[in-house]
Amino acid sequence: MSDEGGKNDLGTIFKIMPNGTRYVKLSDFPDTTTGYHPIGSLISHGNFLYGTTRYGGINDDGTIFKIMPDGSGYVKLLDFNNVINGGCPLGSLISDGSFLYGMTYRGGTNDSGVIFRIKPDGTGYDTLFNFMKANGAKPYGSLISDGTFFY
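Residues numbered from 1 in each chain as written. Predicted model: local features only at pLDDT ≥ 70, side-chain atom pairs only at ≥ 80, totals over all residues. Heavy atoms only, no water.

## What about the pairing of strand β9 (residues 114–118)?
For clarity, the threshold we go by: Under the scheme applied here, a residue whose accessible area is under 20% of the maximum for its type counts as buried, over 50% as exposed, and between as partly exposed, the area being computed with a 1.4 Å probe on protein chains only. Strands here mean DSSP runs of E at least two residues long; helices mean DSSP runs of H or I at least four residues long; both are numbered from the N terminus. Strand pairing is assigned whenever DSSP identifies at least 2 bridges connecting the two strands.
Judged by how many residues are buried, β9 sits mostly within the fold: four of five residues are covered. Pairing of strand β8 (residues 100–103) with β9, which is carried by four bridges, proceeds in the antiparallel orientation. What sits directly across from G102, in β9, is F116.

Encoded structure:
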C-alpha cells in the first residue's frame, strides 16, 4: 500500500512481481469516510486482503478494511472511534486463523492505545488491552506471535 498518492491523494493498494515487473494499481482509497493513509502492510486471510488506515472513517480515527486480491470488493469493516475502541492504527494486522489482531496508537480508556481483535467478517470486535503510561503507551508497529504470546 502507499500512504499517499493515487486519484485522491489518499493512498493506494497495488501489486507487483518480486522482480519489480508488472506493477498494477489495484485500488485508490476512494474518500475519507472509507479510510485513508494506510501505514501497515496488508495481510492475506482466506480470499481477502486485510489492512488498516490511520485516518478516515466516520470518526476520522482510522478503519479496518478488506479487499479482494484483484482490487474489487473493498469493504470497510470497522470505524475506530478513539475513546471506546482506539484510534490511529499504525501497524499491520495479524491472524490466528479465527481473529485478526492489531494495535492502535491512541485511544482506549487511557488515550494511550489498545490491543484489539476482530473476526474477519467484521463482527466480534473486542478491546483486549488498554495501554497506559506505566506499562507502555502509544504503540507504533505490529504485533508478532510465537503461538502463545503476542510481542
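More follows now that the structure is in view.
## Section: the nonpolar core
What counts is decided by this rule: Nonpolar cores were defined as sets of buried Ala, Val, Leu, Ile, Met, Phe, Trp, Tyr and Cys residues, with membership established by side-chain atoms within 4.5 Å. Only heavy atoms matter for contacts: two residues are in contact if any of them lie within 4.5 Å across the pair.
Core analysis: the biggest nonpolar cluster contains eleven residues, these being I43, Y50, I64, L77, L78, F80, L93, L100, V114, F116 and I118. Among the elements that make up this core, the one with the highest residue count is β9 (three residues). In contact with F116, other than residues within four places in its own chain, are I64, F80, L93, L100, Y101, G102, M103, T104, Y125, D126, T127 and L128. Membership of the second largest hydrophobic core comes to eight residues, among which are I13, L26, F29 and L49.

## Concerning the sheet that holds strand β5 (residues 63–67)
Our working rule: Note on geometry: axes are C-alpha line fits, over the in-contact stretch for helices, and angles between N-to-C directions span 0 to 180 degrees.
The four strands lie next to each other as β3-β4-β5-β6, forming an open sheet whose pairing is antiparallel. Every interior strand has two partners, whereas the edge strands, β3 (43–45) and β6 (75–79), have only one. On average, each strand axis in the sheet is tilted by 30 degrees relative to the strand beside it, whichever way the strands run.

## A word on the packing of aromatic side chains
Worth spelling out the cut-off: Centres within 6.5 Å make a pair out of two Phe, Tyr or Trp rings, where for Trp the six-membered ring is used; the pair is then stacked when the planes are under 30 degrees apart, edge-to-face when over 60, and tilted otherwise.
In this structure the tally under the stated criterion is 13 aromatic pairs. Taking the centre distance of 6.0 Å and the plane angle of 90 degrees together, the rings of F29 and Y74 count as edge-to-face. Taken together, the residues F29 in the loop between β2 (24–28) and β3 and Y74 in the loop between β5 and β6 connect sequence positions 45 residues apart. When its relative accessible area of 1% is taken as the criterion, F29 is described as buried. Look at Y74 and you get partly exposed, because its relative accessible area is 22%. Seen in terms of ring centroids, Y101 and F150 are 4.7 Å apart; in terms of plane orientation they differ by 55 degrees. Their pairing is tilted. Linking Y101 in strand β8 with F150 in the segment after β10 (126–130), this pair joins segments that are 49 residues apart in sequence. Accessibility expressed as a relative area gives 7% for Y101, which makes it buried. For F150, a relative accessible area of 34% gives the class partly exposed. Three or more aromatic residues joined by ring pairs form one cluster here, namely F29, F65 and Y74.

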